[in-house]
Amino acid sequence: MCGPTLDSRPEARSKERVARFSRILSGGLLYPAAVDLFDINSLFPQLVLALGAALAGGNGLALWHHRQGKRPEDLGELRVGRARWLVVVGLIMAGWGLATLIT
């Protein structure tokens, strides 16, 4: 048992427990902290923004190194057309994610 109750019937005690738990959730102790920590509404746009920025940044850096004449020894030849295409796709993804977060 969890303390004195007005009604000693088991169904009344379970209703009291549910009411107490719902007060805890809606009262600001658990629910708002979980929503702030895991903001599900903006999680997908944040992921799209991060992946787009990584895609554009990584391929942009590879193109920049290629123009500087720095070539990795253990990797194959850089496909310039593919790298440019992935930079464009990454910029579109990052722009879409940022626009979604702003609006």
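It should be noted that the structure appears before, not after, this text.
Let us look at the structure shown here.

## A short note on the overall build of the protein chain
Here is step 1: Along the backbone of the protein chain there are 4 helices and 0 strands.
Here is step 2: Reading the protein chain from its N end, one meets helices and strands in the order α-α-α-α.
Here is step 3: Expressed as a percentage of the 103 residues in the protein chain, the buried residues total 14%.
Here is step 4: Intrachain contacts of the protein chain at a sequence separation of at least 6 include 60% that bridge at least 24 residues.
Here is step 5: Entry remark: accessible area of the protein chain is about 8300 Å², with carbon and sulfur atoms responsible for 65%.

## Observations regarding the environment of L98
Here is step 1: Its location among the elements puts L98 in helix 4 (residues 80-102).
Here is step 2: In this structure L98 comes out as partly exposed when scored by relative accessible area, which is 42%.
Here is step 3: Residues L98 and P45, spaced 53 residues apart in sequence, show a C-alpha to C-alpha distance of 7.2 Å.

## Observations regarding the packing of aromatic side chains
Here is step 1: Here the structure, examined in full by the defined rule, presents 1 aromatic pair.
Here is step 2: Note on F44 and W96: the rings are 5.9 Å apart at their centroids and 75° apart in plane angle, and the pair reads as edge-to-face. Residue F44 is found in helix 3 (residues 40-68), and its partner W96 is found in helix 4; the two are separated by 52 residues along the sequence.
Here is step 3: F44 gets classed as exposed once you look at its relative accessible area, which sits at 53%.

Conventions used here
- Residues numbered from 1 in each chain as written.
- Predicted model: local features only at pLDDT ≥ 70, side-chain atom pairs only at ≥ 80, totals over all residues.
- Heavy atoms only, no water.
- Helix = DSSP H or I, 4+ residues; strand = E, 2+ residues; numbered from the N terminus.
- Buried < 20%, exposed > 50% of the residue type's maximum accessible area, 1.4 Å probe, protein only.
- Contact = heavy atoms within 4.5 Å.
- Areas by Shrake-Rupley, 256 points an atom, 1.4 Å probe, with all protein chains shown as cover.
- Phe/Tyr/Trp six-rings, centres within 6.5 Å; stacked < 30°, edge-to-face > 60°.

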